[in-house]
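Next come the chains, spelled out residue by residue.
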Amino acid sequence: MDPFDAGAGGILRQPKAVWATAGASVVAFMGIGLVDPILPSIAKGLDASAGQVSLLFTSYFLITALAMLVTGFVSSRIGGRKTLLLGLAFVVVFAGLAGTSDTVGQLVDYRAGWGLGNALFVSTALAVIVGAAAGGSAAAILLYESALGLGMACGPLLGALLGDASWRYPFFGTAFLMAIGFLCITVFLKEQPKPARKTSLLDPIRALGHGGLASAAVSAFFYNYTFFTVLAFTPFVLNMTPYKSGAVFFAWGVLLAVFSVLVAPRMQRRIGSLKVLGGSLVLLAADVLVLGYGNHTAAIVCTILSGAFIGVNNTVYTELALGVSDAPRPVASAGYNFVRWFAAAAAPYFAPKIEEWTDVHVPFVVAAVTALLGAVVVVVRRRALTHEAEELEPQHASEDSVTVFAN
C-alpha cells in the first residue's frame with residue numbers, strides 16, 4: 001500500500017491523536033537547532049563568551065544522555081501518554097524559564113531541564129504514533145520521519161525569525177508551541193497499553209556488553225563529536241546575522257532530512273552499509289577541514305554540505321545499532337544513545353576551549369580527526385558489525401531509523 005494514499009490508513013488519513021503527536025514532534029526536534037542562529041546574539045545579550053554560550057548544547061545533551069537510562073524505565077511503568085505529557089510539561093516550563101534568564105548560567109541550567117523533557121518526549125513519540133496509527137505502521141513511520149526532518153530544518157529558521165527581534169523570543173515561542181502540543185495530546189490521545197515487560201535502569205548498560213553494539217556506539221561517539229562541532233561551534237565562525245545564519249542551517253537541515261530518508265537507503269542497497277558509512281565519514285572529515293581553513297564562502301558551503309553526510313551517517317548508524325545485537329530495540333537504542341550523546345555534550349564545550357588554547361582552525365582539525373576515528377572503528381570492527389540492518393525488512397529499517405535518532 002502506498003503510504004501517501006489518501007485512503008484509509010494512508011499518511012493523510014490518520015487519527016487526530018497521531019497528528020497531535022506528530023505536530024508536537026516537529027517542535028521537539030526544532031529545539032535541537034533552535035539556538036544555532038542566535039548563539040552570537042545570546043553571547044552579546046548576556047555578556048558571555050562563545051564557550052559559555054556553547055554550554056547550552058552541553059547541558060542539553062548531557063542530560064539527554066543520562067536520560068536514556070530513565071526514559072524506558074519511566075514509560076514502561078506509567079505508559080506512553082503520561083510520559084509524553086510529562087516530557088512536554090518539562091519543555092514548556094524550562095523553555096519559558098530560559099527566555100527569562102538574566103545570566104548565561106541560568107540559561108544553561110534551564111536548557112538542561114529542557115533536555116530532560118525532550119528526551120522523555122521524543123523517546124516515546126514514535127511508539128505512540130505507531131500504536132495509534134490507522135492501517136499499520138508504514139504511513140505512521142513516514143509521518144514521523146517527516147516530522148523529524150521538518151523539525152531539524154525549521155528549528156534554525158524559527159530561531160532566526162524570532163531571534164532577530166530578541167534572543168529571548170525563540171524560547172518563549174517554543175514554550176508556547178509545546179503548550180499547544182500538550183493540550184492537543186491531552187484532548188486527542190488516549191492511553192495505550194503498557195509494555196508487558198518493565199525496563200530496568202541497567203538494561204541499556206547490559207546491552208552494551210555485546211561487542212557489535214558497543215562498536216557501533218563508540219564509532220558513533222566519535223562521529224557525534226564532529227556533528228556537534230559543526231552544529232554548536234560553526235555559528236561563531238560564520239558570525240552572521242540571525243536571518244543569514246538561520247538560512248544556512250535551514251539549508252543544512254533540508255540536506256540532512258533528504259539524505260537521511262531518501263538517499264542513504266538507496267546507497268546502502270547498492271554498495272553496502274559499512275562502505276557507505278566509512279566513505280561518508282571520510283568525506284565529512286574533509287568537509288570540516290575545508291570549513292575550518294577556507295574563506296567565508298567556503299565555510300558557508302561546507303556547513304550546508306555537511307548536512308548531507310550527517311544525514312547519511314545518522315541512517316546507517318541507526319541500522320547498525322539496532323541490527324547488530326539481539327537486545328530488544330528500545331533497550332539497544334537506549335544503550336547506543338547513552339554513549340553517543342556524551343560526545344554531543346563534549347563537543348560544544350571543548351571546541352571553544354581548543355580555539356582559546358590555539359586558534360579558530362584547530363577545533364575543525366580535531367573534528368576531522370574524530371570523524372576519521374569513527375571510520376577506523378568501522379573498519380577495525382567490521383566483523384562485529386557485519387550482522388547489520390541490511391538484513392532488515394525495508395519497513396523495519398525505516399522504523400529503526402527514526403527510533404534511534406529520536407532516542
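This text goes with the structure placed above it.
Throughout this document, residue positions are counted from 1 along each chain, in the order its sequence is written. At least 70 in pLDDT is required for a residue's local features to be given in this predicted model, at least 80 for side-chain atom pairs to be given and counted, and no such filter applies to totals for whole chains, interfaces and linings, which use all residues. Heavy atoms throughout the structure, all of them, feed into the side-chain values; hydrogens and water do not.

1. Points about the environment of Ile-78
Alright, step 1. Helix numbering and strand numbering both begin at the N terminus, where a helix is a DSSP run of H or I of at least 4 residues and a strand a DSSP run of E of at least 2. The residue Ile-78 is located in helix H3 (residues 50-78) in this model.
Alright, step 2. Spatially, the C-alpha atom of Ile-78 lies 7.5 Å from that of Lys-194, the residues being 116 residues apart in sequence.
Alright, step 3. Residue contacts are defined here by distance: any two heavy atoms, one from each residue, within 4.5 Å place the two residues in contact. With near-sequence residues (within four places) excluded, Ile-78 lies in contact with Thr-83, Glu-191 and Lys-194.

2. A closer look at helix H9 (residues 211-238)
It helps to recall that an α-helix has 3.6 residues per turn; residues three or four apart then point in one direction.
Alright, step 1. A helix's residues, less one, multiplied by 1.5 Å, set its expected span. Given a rise of 1.5 Å per residue, 28 residues ought to cover 40 Å, and the 40 Å separating the end C-alpha atoms of H9 matches this to within 8%.
Alright, step 2. Maximal helix bending in H9 amounts to about 40°, located at Ala-232; proline Pro-235 follows within four positions.
Alright, step 3. In this scheme, a residue with accessible area under 20% of its type's maximum is buried, one over 50% is exposed, and one in between is partly exposed, where area comes from a 1.4 Å probe on protein chains only. With 22 of 28 residues buried, H9 is to be regarded as a mostly interior element.
Alright, step 4. Immediately downstream of H9, the backbone of Asn-239 shows phi near 50°, a positive value. Bend at a given residue is defined as the angle between two axes, one fitted to the seven residues that end at that position and one fitted to the seven that begin there.

3. Observations regarding the nonpolar core
Alright, step 1. For this analysis, a nonpolar core means a set of buried residues of the types Ala, Val, Leu, Ile, Met, Phe, Trp, Tyr and Cys, connected via side-chain atoms within 4.5 Å. Ranked by size, the top nonpolar core spans 120 residues in total, and within it Ile-42, Val-53, Phe-61, Phe-121, Phe-171 and Ile-185 carry the most contacts.
Alright, step 2. Sort the elements by how many residues they give to this core and H9 lands first, with 14 residues.

4. Here we look at the packing of aromatic side chains
Alright, step 1. For this analysis, a ring pair means two rings from Phe, Tyr or Trp (six-membered ring only for Trp) whose centres lie within 6.5 Å, classed as stacked if their planes differ by under 30 degrees, edge-to-face if by over 60, and tilted for the remaining angles. Inspection of the entire model under this criterion finds 18 aromatic pairs.
Alright, step 2. A ring pair is formed by Phe-249 and Trp-252, whose centres lie 5.9 Å apart and whose planes are at 65°; its orientation type is edge-to-face. Taken together, the residues Phe-249 and Trp-252, both in helix H10 (residues 242-271) and 3 residues apart, mark about one turn of the helix.
Alright, step 3. Two thresholds decide whether a charge sits over a ring: the Lys NZ or Arg CZ must be within 6 Å of the ring centre and within 35 degrees of the ring normal. The positively charged end of Arg-77 is found above the aromatic ring belonging to Phe-73, 3.7 Å away from the centroid.

5. A closer look at the pattern of salt bridges
Oppositely charged side chains may form a pair once their charged atoms are brought near each other.
Alright, step 1. Take a side-chain nitrogen of Lys or Arg and a carboxyl oxygen of Asp or Glu: if they are within 4 Å of each other, that pair is a salt bridge. If you walk through the whole model with that rule in mind, you get 1 salt bridge.
Alright, step 2. Where Arg-206 meets Asp-203, a salt bridge forms, and the shortest distance between an N and an O atom there is 3.0 Å. Linking Arg-206 with Asp-203, this pair stays in helix H8 (residues 203-207), spanning 3 residues, or about one helical turn.
Alright, step 3. Judged by relative accessible area, Arg-206 falls into the exposed class, the value being 56%.

6. Side note on a nonpolar patch on the surface
Alright, step 1. Candidate patch residues must exceed 30% relative accessible area and have no salt bridge, after which like charges are joined if within 9 Å and Val, Leu, Ile, Met, Phe, Trp or Tyr side chains if within 5 Å. Every accessible area reported is derived by Shrake-Rupley at a probe size of 1.4 Å, with residue values counting cover from the shown protein chains alone. A surface patch of nonpolar side chains, amounting to about 300 Å² of accessible area, comprises Val-70, Leu-201, Leu-202 and Ile-205.
Alright, step 2. Position of Leu-201 among the secondary structure elements: in the loop between helix H7 (169-188) and H8.
Alright, step 3. The exposure class assigned to Leu-201 is partly exposed, which follows from its relative accessible area of 40%.

7. Focus on unusual backbone geometry
Alright, step 1. Even without a glycine there, the phi angle at Asp-47 is positive, about 55°.
Alright, step 2. Position of Asp-47 among the secondary structure elements: in the loop between helix H2 (39-45) and H3.

8. Focus on the packing of helix H4 (residues 80-98) against helix H5 (residues 104-132)
Alright, step 1. To obtain an axis, a line is fitted to C-alpha atoms, over the contacting stretch when the element is a helix, and the angle between two such axes runs from 0 to 180 degrees between their N-to-C directions. Where H4 contacts H5, the axes come no closer than 7 Å and their chain directions differ by 155°. One way to sum up the angle between H4 and H5 is to call them roughly antiparallel. Seen from above, H4 lies across H5 with left-handed handedness. Each of Gly-80, Thr-83, Leu-84, Leu-86, Gly-87, Leu-88, Phe-90, Val-91, Phe-94, Ala-95, Leu-97 and Ala-98 in H4 lies in contact with H5, whose residues at this interface are Leu-107, Tyr-110, Gly-113, Trp-114, Leu-116, Gly-117, Asn-118, Leu-120, Phe-121, Thr-124, Ala-125 and Val-128.
Alright, step 2. Here the contact of H4 with H5 is built from residues that sort into 17 nonpolar, 7 polar and no charged. When describing relative orientation, an angle under 35 degrees is termed roughly parallel and one over 145 degrees roughly antiparallel, while 65 to 115 degrees is termed roughly perpendicular and anything else oblique. By convention the crossing between two helices is left-handed if the near helix lies anticlockwise of the far one by an angle smaller than a right angle, and right-handed if it lies clockwise. Each residue receives one of three labels: charged for Asp, Glu, Lys and Arg, nonpolar for Ala, Val, Leu, Ile, Met, Phe, Trp, Tyr, Cys and Pro, and polar for the others, Gly being one of them.

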